[in-house]
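Close look at the chain arrangement
So you can see what is in the structure, the chains are spelled out below.
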Amino acid sequence: MLLREAADSFQQHLRSTEKSKNTVNGYRVDLTCFDKWLEDKYNCPTYLDDVTEKDVDEFLFMLKEEKNYMPASRRRVSISIKMFFRYAYKKKWCPDDITANMESIKIPQKERSYLTEEEVMTFAAAITHKLVRLAVLTMFYSGLRVTECANLRTEHINFATGMIHVVEGKGAKDRKIPMSPKLVELLTDYQTWRIDSEYFFATKKTGRLSKERIDAVIKQTLIKLGWNKKVTAHTFRHSFASRLVAGNVNIVNISKLLGHSDIKTTSIYTHVNMEQLQQAVSML
């Protein structure tokens, strides 16, 4: 069986098991890249039986040395390949699972960057695109991912209950997020000037506010401010989580608000700033 044929069947399996579109697309991109690399290497179509553990190792090494993939990206690709071959072996498409003994790629743990509420307000004030400014503040006050924010539909905001309903977030999971009074005030005001669209955040031109537009405006604003720090759409989600941690909110509750499937993921937000460390030492 050709690798590309097996990969197509694997993607159908992922869709049948209710994996999200983003998850399925991620596997497709990674496996297509691997297949293309093998075809270029051997100058012929790739058959599943012919792929070796050495091929996988060399491909991942190429991503590191030639493509400059970061550890997190290489780990994602390695997981895609590993899950694919595990499934192929289970279906008896190949005699062995060549990735069975493959070691996972370690990711250096870095403290996530975040902004204080004052910094967020300064940044938001500098955003000239009114709708993007509101989206940024919504992410800060709710912890929404940028894709979740862009995909919000009108019926997902319930002002009567004060809830945001995230439908098919990361991992195809739904969750509900209570709105803070500040966010309710912002979104209530937005109701007076928003255009009619099935999407909650919508522009007149396209009927929705895209993730790409949000990212582009944030990048432009960062340049405009001249800040020497990394600020992306995800920074505002980090900042939301950091404020909850600083307020001593239970990490299990933070995990539910963020939509994490593993509390270990949430633990990366439990950083403290130097001021907090200084206060702790002063207590001695």
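For the structure itself, consult the block above.
Described in the following lines is the structure provided in the data block. (Residues numbered from 1 in each chain as written. Predicted model: local features only at pLDDT ≥ 70, side-chain atom pairs only at ≥ 80, totals over all residues. Heavy atoms only, no water.)

**Section: the pattern of salt bridges**
Between side chains of opposite charge, a pair can form as their charged atoms come close. If you walk through the whole model with that rule in mind, you get 14 salt bridges. Residue Arg243 is joined to Glu117 by a salt bridge in which the shortest nitrogen-to-oxygen separation is 3.3 Å. Here Arg243 is found in helix H10 (residues 233–246), whereas its partner Glu117 is found in helix H5 (residues 117–126), with 126 residues between them in sequence. Take Arg243: its relative accessible area is 36%, and that puts it in the partly exposed class. We classify Glu117 as partly exposed; its relative accessible area is 24%. Sharing partners across several salt bridges, the network here consists of Lys41, Lys54, Asp55 and Glu58. (Salt bridge = Lys/Arg side-chain N within 4 Å of Asp/Glu carboxyl O. Helix = DSSP H or I, 4+ residues; strand = E, 2+ residues; numbered from the N terminus. Buried < 20%, exposed > 50% of the residue type's maximum accessible area, 1.4 Å probe, protein only.)

**Some remarks on the side chain of Arg74**
Relative to the assigned elements, Arg74 resides in helix H4 (residues 71–90). Buried and without a salt bridge, Arg74 has Glu65 as its closest oppositely charged side chain, separated by 7.5 Å. Within polar-contact distance, the side chain of Arg74 engages the backbone oxygen of Tyr69 at 3.2 Å. (Lys, Arg positive; Asp, Glu negative; His and termini not counted. Polar contact = N/O pair within 3.5 Å; in protein donor to acceptor, adjacent residues only side chain to side chain.)

**Observations regarding the sheet that holds strand S2 (residues 163–166)**
One open sheet accounts for 3 strands, arranged S1-S2-S3; its pairing is antiparallel. The open sheet has two edge strands with one neighbour each: strand S1 (157–158) and strand S3 (175–178). In this sheet, S2 lies alongside S1 in antiparallel orientation, the contact comprising 2 bridges. Within S2, the residue paired with Ile157 across the bridge is Ile164. (Pairing = 2+ DSSP bridges.)

**Comments concerning the pairing of S3**
What you see with S3 is a clean split: Arg175 and Ile177 sit on the buried side and Lys176 and Pro178 on the side with no burial. Bridge count between S2 and S3: 4 bridges; the pairing is antiparallel. Within S3, the position partnered with Ile164 by the bridge is Ile177.

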